[in-house]
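Observations on chain architecture
So the chains spell out like this:
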Amino acid sequence: MRVKAITVRIIKQFFHDKRTLAMMLVAPLLILTIISLVFNGEDSVPSIGIEQVPEPVKELLKEQKITVSEMDQGDAEQKFREGSLDAWITLEDNQPRIVLEGSDPGTNQMVLNIVQQAIQSPGQKIKPDVEYFYGTEGMTSFDNFGPVLIGFFAFFFVFLIAGVSFLRERTGGTLERLMGSPVKKSEIVIGYLLGFGFFTLIQSTLIVIYSIYVLDLLMIGDFIWVLAVTLLCAFTALSLGTLLSTYAHNELQIIQFIPIVIVPQVFFSGLFDLEAISDWVSWIGPITPLYYAADALRDVMIRGLGFEEIAINLAVLFGFSLLFSAANILALRKYRSF
Amino acid sequence: MDNTMVIELTDLTKAFGSTTVIKKTSLEVQNGEIFGMLGPSGAGKTTLVKMIAGIEKPTSGELRLFNKKMPSHRLIRQIGYMAQTDGLYHDLTGIENLKFFSAMYGMKGKKQKERMEEVLELVDLTAYKQKVVRNYSGGMKRRLSLAVALLHEPKLILLDEPTVGIDPVLRQSIWNELYKLKEKGMTILVTTHVMDEADKCDRLAMVREGAIIAVGSPDSLKEETKSETIEEVFLYHGGGKYEG
């Protein structure tokens, strides 16, 4: 009898907390869908530039699953910087020379295999010269997705902690007390940013130093820009966390934002090959903050780029923080009459 | 200053969506009195107090404090508000809580320090000021909460159920503190659903289902209705059964 009462009570509680119920039933489907879209999308097709390549080899290359177009080295390097080309092949003194874009070990290997097949004629062993525009030969997969993880962890933990602590401010009645005092809503939001910013700075520094010096993550660019991106990423997480905590009644509901807010960002931020994602969901990436953080971190750490190249990403992250903070100030109006 | 109105409500209404919580309420609270608001839980006392504190926005009607129209940033400084929830940072010490909230009112330096010691003395928590609030007893939290509300020397103090869940000895000590504050010239608005506490107020408003059903001093209210107790007065006006 008591077992029955407990069972019935739990079922009833679930039906009273519709959000938890929905989360339990819908979230797995949502995440599975995202995963299937990411992994079942079109295969990514490497795009290769060629110059002065003999006709037979060109024909063999075109038979492969790649996009081939003629260009000189200058054009190729320009396209490497834009990120629209994976490799460039030419022939110098009968010796094939391959320049790889280089930042993704997976793509590197794929291109090398394809080219090897195309230039290999029976009985003759040709070893092409391989150069890396970005990265190095010894680059591992971790070097490639490590920068994304740095951004992700900074985002994830700050989001959770900020969300919960702002929620407590509401449930504990301290927010009400603050709203009864002369403090301005913007002062609360900015104070939160700075207070958490202090620990975010420590956290970001620690993550970055540990990844680079202990885990030996590839790091070509400037430390300061990695720190700047991580910090802005954490600020975005902080402002989003405090904003969303307005829509949570308890800690559990903050946790429930993870599958909705965090998980999709992971899939669309470049941890997995973005080019392989089905076209009709590829718009999701560019609306998530982590996308810009990951891109900028890779630019700095793998490609050694500086402020000019990541300025747009920094600006977008800053814009996100600003937008979420402003929304948060608006949301706080609910708690005060003036 | 003496006979001025501290609180004036005129036809104040508050609705959440389609539910009207406060129905066209008018009320005046004079300078220097302890004014009680008595009524069962759910009657709308908290909503009324929150509107006076500037936290909740009235749907219609006028609210004036110290003869000035609310809401106003300047008036907020004259109000000390103690909500039903303690509104304290549990992972900070008592003194750290006081320091934070006094900073919210722009207090600093020697003045801030003196004032913090004063309110700690008043609520008898000086010995525990370095303790983390998490380890306070329920009564100590209530008292610290009161201390925070008094920090910035408000002229009007709003106390929402300050004695709920508190033992009789402590309840008496909180009332003694309220009398002390009254002597210093403060105006105190206190809500309660406990009938015998209503007797301790100078004047009283009885609230029921979002409306004030009677206002007056405890004695005059009893006299008018030829009742022996406040409870009888409430039943006389409300008609219904009282469920504290």
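Residues numbered from 1 in each chain as written. Chains lettered and ligands numbered in written order. Predicted model: local features only at pLDDT ≥ 70, side-chain atom pairs only at ≥ 80, totals over all residues. Heavy atoms only, no water.

Residue and element names in this part refer to chain A. Here threonine 230 is to be found in helix 9 (residues 223–245). A relative accessible area of 0% means that threonine 230 is categorised as buried. Of the polar contacts made by the side chain of threonine 230, one reaches the backbone oxygen of valine 226; its length is 2.5 Å. Setting aside anything within four residues of it in sequence, one finds threonine 230 in contact with Ile150, Ala154, Ser204, Val208 and Leu297. (Helix = DSSP H or I, 4+ residues; strand = E, 2+ residues; numbered from the N terminus. Buried < 20%, exposed > 50% of the residue type's maximum accessible area, 1.4 Å probe, protein only. Polar contact = N/O pair within 3.5 Å; in protein donor to acceptor, adjacent residues only side chain to side chain. Contact = heavy atoms within 4.5 Å.)

The interface of chain A with chain B comprises 16 residues on the first partner and 23 residues on the second. Between chain A and chain B the total buried area reaches about 1,800 Å² when both faces are included, carbon and sulfur atoms providing 58% of it. When the area that chain A buries against chain B is broken down by residue, the three leading residues are Arg177(A), Pro182(A) and Ser337(A), summing to 39%. Where chain A meets chain B, there are one salt bridge. Ionic pairing is found between Lys50(B) and Glu176(A), a salt bridge with its closest N-O pair at 2.9 Å. Taken together, the connections running from chain A to chain B amount to nine residue pairs in polar contact (both at pLDDT 80 or more). The greatest single-element share of the side of chain A that touches chain B, amounting to five residues, is contributed by helix 7 (residues 174–179) of chain A. Of the residues in the side of chain A that touches chain B, the class split is six nonpolar, six polar and four charged. (Buried area = accessible area lost by both parts, 1.4 Å probe. Salt bridge = Lys/Arg side-chain N within 4 Å of Asp/Glu carboxyl O. Nonpolar A, V, L, I, M, F, W, Y, C, P; charged D, E, K, R; others polar.)

Attention now goes to the pattern of salt bridges. Scanning all chains against the criterion turns up 19 salt bridges over all chains. We note a salt bridge from Glu209(B) to Arg208(B), for which the minimum N-O separation is 3.9 Å. A single network of salt bridges, built from pairs that share partners, joins Glu55(A), Lys58(A) and Glu70(A).

Here the focus is a nonpolar patch on the surface. Residue and element names in this part refer to chain A. The grouping of Met24, Leu25, Val26, Leu30 and Ile260 at the surface amounts to a nonpolar patch, some 470 Å² of accessible area in total. A total of four residues in the nonpolar patch trace back to one element, the largest contributor, which is helix 2 (residues 18–39). On the secondary structure map, valine 26 appears in helix 2. Under the relative-accessibility criterion, valine 26 is labelled partly exposed at 48%. (Patch = residues over 30% accessible without salt bridge, like charges linked within 9 Å, V, L, I, M, F, W, Y side chains within 5 Å. Areas by Shrake-Rupley, 256 points an atom, 1.4 Å probe, with all protein chains shown as cover.)

Here we come to the nonpolar core. Among the nonpolar cores identified, the biggest contains 107 residues, and Phe159(A), Leu98(B) and Met206(B) are the most heavily contacted of them. The element best represented in this core is helix 6 (residues 141–171) of chain A, accounting for eleven residues. When near neighbours in sequence (up to four residues on either side) are disregarded, Phe159(A) contacts Ala237(A), Leu240(A), Gly241(A), Leu244(A), Phe257(A), Val261(A) and Ile262(A). Formed by 30 residues, the second largest nonpolar core is a distinct cluster that contains Leu9(B), Phe35(B), Ala83(B) and Leu156(B). (Core = buried A, V, L, I, M, F, W, Y, C linked by side-chain atoms within 4.5 Å.)

Residue and element names in this part refer to chain B. Taken in spatial order, the four strands of this open sheet run 2-1-4-5, and their pairing is antiparallel. At either end of the open sheet lies a strand with only one pairing partner, and these are strand 2 (19–30) and strand 5 (68–69). In the sheet, strand 4 (residues 60–65) pairs with strand 5 via two bridges, with the strands oriented antiparallel. Paired with arginine 64 across the two strands is lysine 69, which belongs to strand 5. This element, helix 1 (residues 45–53), spans strand 1 (5–16), strand 2 and strand 4 of the sheet and lies at about 120 degrees to strand 1. (Pairing = 2+ DSSP bridges. Axes fitted to C-alpha atoms, helices over the stretch in contact; angles between N-to-C directions.)

Residues and elements named next belong to chain B. Burial analysis of strand 7 (residues 156–160) places five of its five residues in the buried class, the great majority of the element. Here strand 7 shows no split at all, with Leu156, Leu158 and Asp160 on one side and Ile157 and Leu159 on the other all buried. Where strand 7 and strand 8 (residues 187–192) come together, five bridges link them in parallel fashion. Paired with leucine 158 across the bridge in strand 8 is leucine 189. Read as a crossover between parallel neighbours, the route from strand 7 over helix 6 (residues 168–183) to strand 8 is right-handed. (Right-handed = clockwise from strand over helix to strand, strands pointing away.)

Time to look at helix 11 (residues 257–268) of chain A. All names here are of chain A. Helix length check: helix 11 (twelve residues) gives 17 Å between terminal C-alpha atoms against 16 Å at 1.5 Å per residue, within 8%. Those residues of helix 11 lying buried are Phe257, Ile258, Pro259, Val261, Ile262, Val263, Pro264, Gln265, Val266, Phe267 and Phe268. Contact partners of the buried residues in helix 11: helix 2, helix 6, helix 9, helix 10 (251–255) and helix 12 (289–301). Two residues or fewer past helix 11, glycine 270 is found with a positive phi of approximately 110 degrees. (Expected span 1.5 Å × (residues − 1).)

What follows covers the packing of aromatic side chains. All names here are of chain A. Enumeration over the complete set of coordinates arrives at 19 aromatic pairs over all chains. For the pair phenylalanine 153 and phenylalanine 157, a centre-to-centre distance of 6.1 Å together with 20 degrees between the ring planes defines the contact as stacked. Taken as a pair, phenylalanine 153 and phenylalanine 157 lie in helix 6 at a separation of four residues, close to a single helical turn. On the basis of relative accessible area, phenylalanine 153 is assigned to the partly exposed category, the value being 35%. Note on phenylalanine 157: relative accessible area 38%, which makes it partly exposed. (Phe/Tyr/Trp six-rings, centres within 6.5 Å; stacked < 30°, edge-to-face > 60°.)

Turning to the sheet that holds strand 6 (residues 79–82) of chain B, a few remarks are in order. Residues and elements named next belong to chain B. The sheet built from six strands is open, its strands ordered 6-7-8-3-9-10 with mixed pairing. Two strands bound the open sheet, and with one partner strand each, they are strand 6 and strand 10 (211–216). For this sheet the average axis-to-axis angle between neighbouring strands, irrespective of direction, equals 15 degrees. Relative to strand 9 (residues 203–208), strand 3 (residues 34–38) runs parallel, the two sharing four bridges. Bridged to glycine 36 within strand 9 is leucine 204.

Looking now at the confidence of the model for chain B. Residue and element names in this part refer to chain B. Summarising the model, chain B shows a mean pLDDT of 88, and 96% of its residues fall at 70 or more. Element-level pLDDT for chain B is lowest in helix 9 (residues 230–238), with a mean of 83, against a maximum mean of 94 in helix 3 (residues 94–104). Interface confidence in the predicted complex, given as ipTM, is 0.84; pTM for the same model is 0.81. (pLDDT = per-residue confidence, 0-100.)

Further remarks concern the pairing of strand 2 (residues 67–70) of chain A. All names here are of chain A. As paired strands, strand 1 (residues 47–51) and strand 2 are joined by four bridges and run parallel to one another. Paired with isoleucine 48 across the strands is valine 68, a residue of strand 2. Running through helix 3 (residues 55–63), the crossover from strand 1 to the neighbouring parallel element strand 2 is right-handed.

Residue and element names in this part refer to chain B. Its identity as a non-glycine residue notwithstanding, lysine 24 has a phi of 25 degrees, on the positive side. Looking at where lysine 24 falls in the secondary structure, it is placed in strand 2. Exposure remark for lysine 24: the relative accessible area of 61% places this residue in the exposed category. Its identity is not glycine, yet phenylalanine 66 carries a phi of approximately 50 degrees, on the positive side.

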